[in-house]
Each structure stands twice: as C-alpha cells, then as structure tokens.
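What follows is the residue order along each chain.
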Amino acid sequence: MAESRTDVVVIGAGIVGIACAYEAARLGKRVIVVERDKEARGGSARGFGLLWQTGLASSLLSVAAESLKAWREVIAEARLWSKQDGGLTIAGTELEAQVLREFAERAPDLGYAVRFLDRAATAQRSPAVIPEAVVGSILGTAGVGVDPSEVLTRVPQWLAADRGVEFRFGHAVAGVEMPIVRCSDGSVIRADRVVVATGDRMDGLFPEVFSRNAIKACKVQMMQTVEQPRAWDFGPSIALGLSARMADSFDACPSIDELRGAIAARAPELDRFGIQPILTQHADGSICFGGSHEYGDAAEEPFDKEVINEIVLREVKKCVQLRDWTIEYRWVGKYVRVASRPLVVEEVQPGCKVALGAGGSGFTLAFGHARGIFENW
Ligand SMILES: Cc1cc2nc3c(=O)[nH]c(=O)nc-3n(C[C@H](O)[C@H](O)[C@H](O)COP(=O)(O)OP(=O)(O)OC[C@H]3O[C@@H](n4cnc5c(N)ncnc54)[C@H](O)[C@@H]3O)c2cc1C
C-alpha cells in the first residue's frame, strides 16, 4: 500500500479546495490535493464566474475584500483571462430604479463600491442593454469576471509549477481518521492538517455536518450561447433589477418590500422558481446566463425544467440584446447553503476541518474563506 507524508491534505479541487491549497502553500506548507474526478466538475465548474460584492450581506464585505485581493494575485500570476469592467444591476421599471437609487445612497456607509447610472450612462457603459428598456442601473466597480473552467484547470497547474502543490486527480478519498487520509485505491496519506472541501455531496465524507447544520442544496439552471460574432465585447456582467428582491444587500432599502410585492403580483412564477437572472461573458466570447433557485425535493430532481429556461429568456430579453442568442449548452449546478451561517467550517476531528463554499457566492469568497480556515491553525 503506497503511503505518503505531507503537512496539509485538501480533499476536493473545486474553488474552495484550490483556495485552501493556495493559502496553505502561502504559509509555507507542503500540500497534496486529492480530487475524485479527472478535473473538478462540481458547483465550481458550473457557475457564472462572477466575483462581486453587490449581492453580499454587508457582514461579508471584509472577507470579500480579502478574497478579491488574493484573486487579483492569482489572476495575474496564473495568467487567467478576466474581465475587470465591473457589474451592472439594471432597472427595467421605475420601482426597480428606486430600489437601486436607495441602495446607491446607502452604499458608501455600508462599504459597497457602487454608483447609480441613469439611462444614458447605462447605455454608454454596456452595449448589451436595450437603452429604451432600461431606466437606470448601479455599477459595482469591484466586480470581476473569470472563466470557471479555465480557473479550475490553470490555477492547479500554476500552484503545482510555482508553489510545489501536488494535485492527485482521479483519486477519491474514502475516509479520514486523523492523521490518516485513505484513498479508494488503497493508498494512504499522513498529514498534520486535512481540509475536506467536497462541496454539495451530502452523502459523502462527514454527512453529519450536513444534518447538524440543516444544510440545504440549491439547484440552479444555466445556459450558454455560442461565441458572440465578431469578437463582440458584452461589457460588464449584468444582473436584472428583479434580482434585488433576493439579495441580502438590498434588505435595508425602504422600497424593497414594495418591489417584492410588485414582482409577486406581476409574475408569481419568478418567486416559485427563485428566478434571479445574471449574464456574464466567458473567455471564449460566449454569454453564460441563468439563475433559478430550487430547494428541497425540487433540488433533487434529475431533470431540467424547460419552463425555467423560457422564463429566464423572457425576462432577460426585455432589457438585454445579444448578437446571437443561439444556445450551445444548458446545464444544472448545485451548491449548498446554511441560512444562518454563510461560511461553514467545522473541525470534525483534531486537525481536520470540513469547509463548505459560501452558497451562491462561493467563488467570490473562496480565498477569504481559506484565509479564515488556516488562521491560527
Ligand atoms: C450555477 C451556479 C452558479 C454560480 N455562480 C457563482 C458566481 O458567479 N460567483 C460566485 O461567487 N459563486 C457562484 N456560485 C457558487 C460557487 O460556485 C460555489 O459556492 C462553489 O463553487 C463551491 O465550491 P466547492 O469547492 O465547495 O465545491 P465544488 O466545486 O463542488 O468542489 C468539490 C469538489 O470535491 C470533489 N470531491 C467530492 N467528494 C470527494 C472525495 N470523496 N474525494 C475527492 N474529491 C471529492 C468533487 O469532485 C468536486 O470537484 C455558483 C454556483 C452554481 C451552482
């Protein structure tokens, strides 16, 4: 039976596992990352790749700031494609614009880097908005777009080449009894510290962490267009104004309940499927968009619902224009979240922590999350 020895083992090469490997290497540790698949294909491979503050609860802004600082270093050093032109949340109605204005007024005190743009300024900033359909927008200047599939391949390559991290892809971990990590091929790794970053697999390692914390899975339907013709630059990422009703950051806006009521009355199906449309451009020029939220039994259903894709397209096409709407891919992604605690870390054995991604903001927060996991440990 092959046996190795290291300082830190990270189980899972999704974004949380990658960020933990980066952080442990930064602290001078020898690190082995063990990933079940030939390349990571969990929630991290299926997202928008949006690193942004605008939708986060204000209590998470300091973690986000720390994370974005590390992201900038990783983007530069690993030579990742990125889009640094921020993120727009666009208002298609006067009421949405009212909520966005209220948010922009409070933003500086709360620590958000956003400013309100009127219709003309919005249209000037984004070739993708339909000028006559938009009342205004807020621009989150801290927003950055990355391409998830590129991140999940290139960052491990860079960490291996530059920081000496060893990645073992195609090896599942069968169990942890500190200080031993047992892989399903019979090999064993001895380590001082182990981070279990296995994402939404509630039936995997340490299932008791999931039941103890009442962790819920969320299923999200996504689509991606073909590459946009003539190297079209989509501009900043776009969230529709109706998304504000579901983001913690807008809770303090005086008109948010009126907006919630108006949306529920206009189109109850938006709340039924938790529709929160977001659009981003990826490295190959395609546009990635979607944003439904289904929980409970609906999150476990094996099939996509075409009605959700139709609703997302209907809402998006009211305010957004693309050069080519041909859909090349549709898929489903899952993440897990705990309503009361966005960052879940539990020391399940001495020296072994289970770390879950921060729900729908796990990509944004991953490096700040990893810093917290290794602090004083
Ligand atoms: C559709 C969608 C869109 C999103 N968009 C964004 C966004 O734009 N911005 C943002 O900030 N966040 C976004 N998120 C949230 C973010 O993607 C997640 O919070 C984050 O990816 C969770 O990362 P993770 O590493 O915990 O999990 P995962 O990415 O699921 O990684 C876990 C890894 O562990 C591996 N694994 C599991 N069991 C074992 C085992 N026994 N042995 C070895 N390996 C194992 C899996 O194969 C997997 O690769 C989105 C999520 C979804 C689903």
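Numbering of residues starts from 1 in each chain and follows the order in which that chain's sequence is written. Per-residue local features are limited, in this predicted model, to residues with pLDDT of at least 70; the limit for side-chain atom pairs, both in listing and counting, is 80 or more; totals at the level of whole chains, interfaces and linings are taken over all residues.

A.B. asks: Describe the overall build of the protein, naming the residues involved and giving the relevant values.
C.D. replies: Strands here are runs of E lasting at least two residues and helices are runs of H or I lasting at least four, both read from the DSSP assignment and numbered beginning at the N terminus. Scanning the protein from terminus to terminus reveals eleven helices and 19 strands. Here the protein has a C-alpha radius of gyration of 21 Å; the compact-globule value for 377 residues is 21 Å, and the two agree. Buried, partly exposed and exposed are defined by the number of other C-beta atoms within 10 Å of a residue's own C-beta, namely 20 or more, between the two limits, and 12 or fewer respectively, with C-beta atoms placed from the backbone. The buried share among the 377 residues of the protein stands at 47%. Expressed as a percentage of contacts within the protein between residues at least 6 apart in sequence, the contacts between residues at least 24 apart total 76%. As defined in this context, the radius of gyration uses C-alpha atoms, and a globule is described by 2.2 Å times the residue total to the power 0.38. We call two residues in contact whenever the C-beta atoms placed from their backbones are within 7 Å.

A.B. asks: How would you sum up unusual backbone geometry? Please name residues and give values.
C.D. replies: That bond from methionine 178 to proline 179 is cis: its omega, 5°, falls within 30 degrees of zero. If you trace the backbone, proline 179 turns up in the loop between β10 (173–177) and β11 (180–183). Although it is not a glycine, arginine 230 adopts a positive phi angle of roughly 50°. Relative to the assigned elements, arginine 230 resides in the loop between β13 (216–225) and β14 (237–240).

A.B. asks: Please give an account of the domain arrangement of the protein that cites residues and values.
C.D. replies: Segmenting the protein into domains produces domain 1 (3–45 + 149–212 + 341–374) and domain 2 (87–141 + 216–337). On the side of domain 2, seven residues touch domain 1, which itself brings nine residues to the contact. Among the residues forming the side of domain 1 that touches domain 2, the class breakdown is two nonpolar, five polar and two charged. Residue ranges for the domains trace back to a domain assignment, done automatically or taken from a database. Three residue categories are used. Nonpolar comprises Ala, Val, Leu, Ile, Met, Phe, Trp, Tyr, Cys and Pro, charged comprises Asp, Glu, Lys and Arg, and polar comprises the others, including Gly.

A.B. asks: Provide a residue-level description of the site of the ligand, including the pertinent values.
C.D. replies: Within the structure, the ligand sits among 43 residues, and Gly14, Gly42, Gly199, Gly357 and Gly362 are positioned closest to it. Listing elements by their share of the shell around the ligand, those giving two or more residues are α1 (15–26), β2 (31–35), β13, β17 (327–337) and α11 (362–374). Of the residues assigned to the shell around the ligand, the class counts are 18 nonpolar, 18 polar and seven charged. In terms of domain composition, the shell around the ligand takes at least three residues from each of domain 1 (3–45 + 149–212 + 341–374) and domain 2 (87–141 + 216–337). In this entry, near means the residue's backbone-placed C-beta atom lies within 6 Å of the molecule or strand.

A.B. asks: Any details on the environment of lysine 317? Residues and values, ideally.
C.D. replies: Position of lysine 317 among the secondary structure elements: in helix α10 (residues 306–319). With 13 C-beta atoms packed within 10 Å, lysine 317 lands in the partly exposed category. A sequence separation of 62 residues divides lysine 317 from serine 255, and the C-alpha atoms of the two residues are 25 Å apart.

A.B. asks: Hey, could you go over helix α2 (residues 61–77) for me, with residue numbers and the actual values?
C.D. replies: The length a helix should cover is 1.5 Å for every residue beyond the first. In this model α2 runs 24 Å from its N-terminal to its C-terminal C-alpha over 17 residues, within 8% of the 24 Å that 1.5 Å per residue would give. Restricting attention to buried positions, one finds in α2 the residues Val63, Ala64, Ser67, Leu68, Trp71 and Val74. The buried residues of α2 all sit within an arc of 125° when viewed along its axis, so they share a single face. Looking at α2, the residues exposed on the side facing more than 90 degrees away from the buried face are Ser62, Lys69, Glu73 and Ala76. Of the surrounding elements, those touching the buried residues of α2 are α1, β3 (50–51), β8 (144–146), α5 (148–163) and α11. Looking one or two residues past α2, arginine 79 carries a phi angle of roughly 55°, positive in sign. Summarising the geometry, the arc corresponds to the directions from the helix axis toward the C-beta atoms.

A.B. asks: So what's going on with the nonpolar core? Residues and values would help.
C.D. replies: Counting residues in each nonpolar core, the largest one holds 108 residues, and the members touching the most others are Val9, Val10, Ile11, Cys20, Ala21 and Val196. For this core, the element with the most residues is α1, which contributes eight residues. If we ignore the near neighbours within four places in the chain, the residues touching valine 196 are Ile11, Val176, Leu205, Phe206, Cys352, Lys353, Val354 and Ala355. For the purposes of this analysis, a nonpolar core is taken to be any set of buried Ala, Val, Leu, Ile, Met, Phe, Trp, Tyr and Cys residues that are connected through C-beta atoms within 7 Å.

A.B. asks: Account for the packing of α2 against α11, naming residues and giving values.
C.D. replies: Axes here refer to lines fitted to C-alpha atoms; in helices the fit is confined to the stretch in contact. Angles between the N-to-C directions go from 0 to 180 degrees. Contact geometry of α2 with α11 gives a least axis separation of 7 Å together with a crossing angle of 100°. As summarised for this structure, α2 and α11 are arranged roughly perpendicular, according to the angle between their axes. For the pair α2 and α11, the contacting residues are Val63, Ala64, Glu66, Ser67, Ala70 and Trp71 in the first and Thr364, Leu365, Ala366, Phe367, Gly368, His369 and Arg371 in the second. When grouped by side-chain class, the residues that make up the contact of α2 with α11 number seven nonpolar, four polar and two charged. Orientation is classified from the angle alone, with under 35 degrees giving roughly parallel, over 145 giving roughly antiparallel, 65 to 115 giving roughly perpendicular, and any other angle giving oblique.

A.B. asks: How would you summarise the sheet that holds strand β5 (residues 87–91) if you had to cite specific residues and measurements?
C.D. replies: If you walk across this open sheet you meet the eight strands as β6-β7-β5-β14-β15-β16-β13-β17, and the pairing is mixed. The open sheet terminates on both sides in strands that have one partner only, identified here as β6 (114–118) and β17. Neighbour to neighbour, the strand axes of the sheet diverge by 25° on average, direction disregarded. When DSSP finds two or more bridges between a pair of strands, those strands are recorded as paired. Note that β13 and strand β16 (residues 287–290) share three bridges and pair antiparallel. Paired with methionine 223 across the strands is phenylalanine 289, a residue of β16.

A.B. asks: Would you mind going over the sheet that holds strand β4 (residues 82–83) in detail, with residue names and values included?
C.D. replies: Sheet strands associate in pairs through backbone hydrogen bonding, adopting either a parallel or an antiparallel arrangement. In space, the three strands of this open sheet follow the order β3-β8-β4, with antiparallel pairing throughout. Of all the strands in the sheet, just β3 and β4 have a single pairing partner and so form its edges. Sheet topology note: the β4/β8 ladder contains two bridges and is antiparallel. If you follow serine 82 over to β8, its bridge partner there is valine 146.

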